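For reference, the chains in residue letters:
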Amino acid sequence: MIQASKILVVCLCMAILFGCQSKQAEVAHEKVTFQVLHNEIMTRMPGSIAVAGDYLMWYDPFARDYFVNIHDIQTGELIGKMGKVGEGPSEFITGSISSCCIDGSFFASDANGNTCGFLSVDSLIAGKEPFTPLSAEEKERRPLMNELQKGVFIGATEDGEEHYLKTNIHGKEGAFGVYPIKEVKQHLGNTLAYDSISGMLACSSFTVPYLALYQKSRDFFKLCWEKEPEMGYEISRGNIVPDETIGGVFGLSLCKDYIVSLHRDWENERLDKSITGRDERQLPHLAYLYDYKGNLVKVADLGVRVVRIASDRRSNTLYALVLNPDYMLVKYEL
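Remember, predicted model here, so these are calculated numbers, not experimental data. (Residues numbered from 1 in each chain as written. Predicted model: local features only at pLDDT ≥ 70, side-chain atom pairs only at ≥ 80, totals over all residues. Heavy atoms only, no water.)

Focus on the overall build of the chain
Looking only at helices and strands, the chain features three helices and 27 strands. Taking the principal axes of its C-alpha atoms as reference, the chain extends roughly 95 × 45 × 45 Å. A burial count over the chain gives 47% of its 334 residues as buried. Here the analysis covers contacts within the chain between residues at least 6 apart in sequence; of these, 45% occur between residues at least 24 apart. In the form shown here, the chain has an accessible surface area of approximately 17,900 Å², with 50% of it arising from carbon and sulfur atoms. Of note, the chain has its 34 positive side-chain charges centred 4 Å away from the centre of its 44 negative side-chain charges. (Helix = DSSP H or I, 4+ residues; strand = E, 2+ residues; numbered from the N terminus. Buried < 20%, exposed > 50% of the residue type's maximum accessible area, 1.4 Å probe, protein only. Contact = heavy atoms within 4.5 Å. Areas by Shrake-Rupley, 256 points an atom, 1.4 Å probe, with all protein chains shown as cover. Lys, Arg positive; Asp, Glu negative; His and termini not counted. Charge placed at Lys NZ, Arg CZ, Asp CG, Glu CD.)

Okay, here's the thing in structure tokens:
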């Protein structure tokens, strides 16, 4: 009897232990509500959105006057516009802008012209000319890559090279990173989110379900963890063929406690391949929140179709451009 009692006690302890582990492994699903910051976003399709200290930036690739919009991060008030559209000196025919704010400025370039330089939020707020063009010498020296912070540039390598990404850090070239699908050294469309204070760099693909986190240490990025795709592609004749009904990550950002990955429910919300062009029904409404150890801890239903997201490490506030039914600038507390 005593031996049987001991066995029963052990079994009960094991059941409680595994029950606690199972409970800890559960992922919370919750619906979150948004607060409208600005409900008069006039654009055919917004470009990227970014946090710039006490301000929010988003740009309009179809704008006819100024393509960069600056809003107060607390009230949503439109503070001003910059990046003049046109064909004259210091004007942009088809302007685009970086998603990283460096020393209060964004790097802007022209897809169909030669204008490039920095657009300063601080100068705009102060009522000064916000654009400072690069000189011919500065254009020549500047790497053709994305600048994450002052002097830290990153870009994609060529298919087949040993590493997935390349860097130019204060003039020193390097390479790092693993391919999302290890059998084939093929690039699959990168989305990057970076925090210059912690040096954390999140990397996802917008064609397959993939997410990775790197940590910057001096002039190198070390892989912390990755979530390799378990679905969403096939390999045919040595090439990766993404499944167009699944897709990848639509948006990526870093906040205080979470890495925010914006995408559809890959298991249950398939994309409709018969729909061509932009269709709001294809946009995601779910934000998958990972902690910085790589654990999925929460799935937040944002309630509306989301076009762009942005955040920073100061808080768990997520800023977004959404369709409801027109474009709106909103924020969520995650």
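Re the sheet that holds strand β15 (residues 190–195)
In spatial order, the strands read β15-β16-β17-β18; together these four strands make up an open sheet with antiparallel pairing. The sheet is open, and its two borders are formed by β15 and β18 (220–227), each paired with just one other strand. Across the sheet, the mean angle from the axis of one strand to that of its neighbour is 20°, orientation sign disregarded. Pairing between β15 and strand β16 (residues 200–205): six bridges, direction antiparallel. Among the inter-strand pairings, Ala193 is bridged to a residue of β16, identified as Ala202. (Pairing = 2+ DSSP bridges. Axes fitted to C-alpha atoms, helices over the stretch in contact; angles between N-to-C directions.)

Quick word on unusual backbone geometry
In the segment running from Asn324 into Pro325, the intervening peptide bond is cis, with an omega of -10°. Positive phi values are uncommon outside glycine, yet His170 reaches one of about 50°. Residue position: His170 is located in the loop between β13 (165–169) and β14 (172–176).

Remarks on the sheet that holds strand β1 (residues 28–31)
Read from one edge of the open sheet, five strands run β1-β24-β23-β22-β21, paired in mixed fashion. The sheet terminates laterally at β1 and β21 (251–254), the two strands that pair on one side only. The sheet shows a mean angle of 20° between the axes of neighbouring strands, taken without regard to direction. As defined by bridge partners, β21 adjoins strand β22 (residues 259–262) across four bridges and the pair is classed as antiparallel. Following the sheet pairing, Gly251 is matched in β22 by Leu262.

Brief notes about the pattern of salt bridges
Counted by the stated rule, this structure contains nine salt bridges. Across the salt bridge formed by Glu226 and Lys182, the nearest N and O atoms sit 3.1 Å from each other. Of this pair, Glu226 sits in strand β18 while Lys182 sits in the loop between β14 and β15, and the two are 44 residues apart along the sequence. Classification of Lys182 as partly exposed rests on a relative accessible area of 38%. Between Lys182 and Glu228 there is a salt bridge; the shortest N-O distance is 3.6 Å. Note that Lys182 is positioned in the loop between β14 and β15 and Glu228 in the loop between β18 and β19 (233–236), a separation of 46 residues in sequence. (Salt bridge = Lys/Arg side-chain N within 4 Å of Asp/Glu carboxyl O.)

Thoughts on the environment of Ser98
You can see Ser98 is positioned in the loop between β7 (95–97) and β8 (105–110). Along the backbone, Ser98 and Ser48 are 50 residues apart, and their C-alpha atoms lie at a distance of 8.2 Å. Among all residues touching Ser98, those that are not within four sequence positions of it are Met57, Phe106 and Phe107. A polar contact of 3.3 Å, which involves the side chain of Ser98, links it to the backbone oxygen of Cys100. (Polar contact = N/O pair within 3.5 Å; in protein donor to acceptor, adjacent residues only side chain to side chain.)

A short note on the nonpolar core
Leu148, Phe176, Leu201, Tyr214 and Phe221 are the most contacted members of the largest nonpolar core, which has 21 residues in total. Only β12 (152–156), β13, β16 and β17 (211–217) provide two or more residues apiece to this core. For Phe221, the residues in contact, after removing those within four places along its chain, are Leu148, Thr167, Ile169, Phe176, Tyr194, Gly199, Leu201, Tyr214, Gln215 and Lys216. Residues Tyr258, Leu262, Leu289 and Leu334 belong to the second largest nonpolar core, which totals 19 residues. (Core = buried A, V, L, I, M, F, W, Y, C linked by side-chain atoms within 4.5 Å.)

Here's the deal with the pairing of strand β5 (residues 66–72)
Across the seven residues of β5, five count as buried, placing the element largely inside the fold. Relative to β5, strand β4 (residues 55–59) runs antiparallel, the two being bridged by five bridges. Within β5, the residue paired with Tyr59 across the bridge is Val68. Two successive antiparallel strands, β4 and β5, enclose a turn made up of six residues. Linking two consecutive strands that pair antiparallel, namely β5 and strand β6 (residues 78–84), is a turn of five residues; a positive phi of about 85° is found at Gly76 within it.

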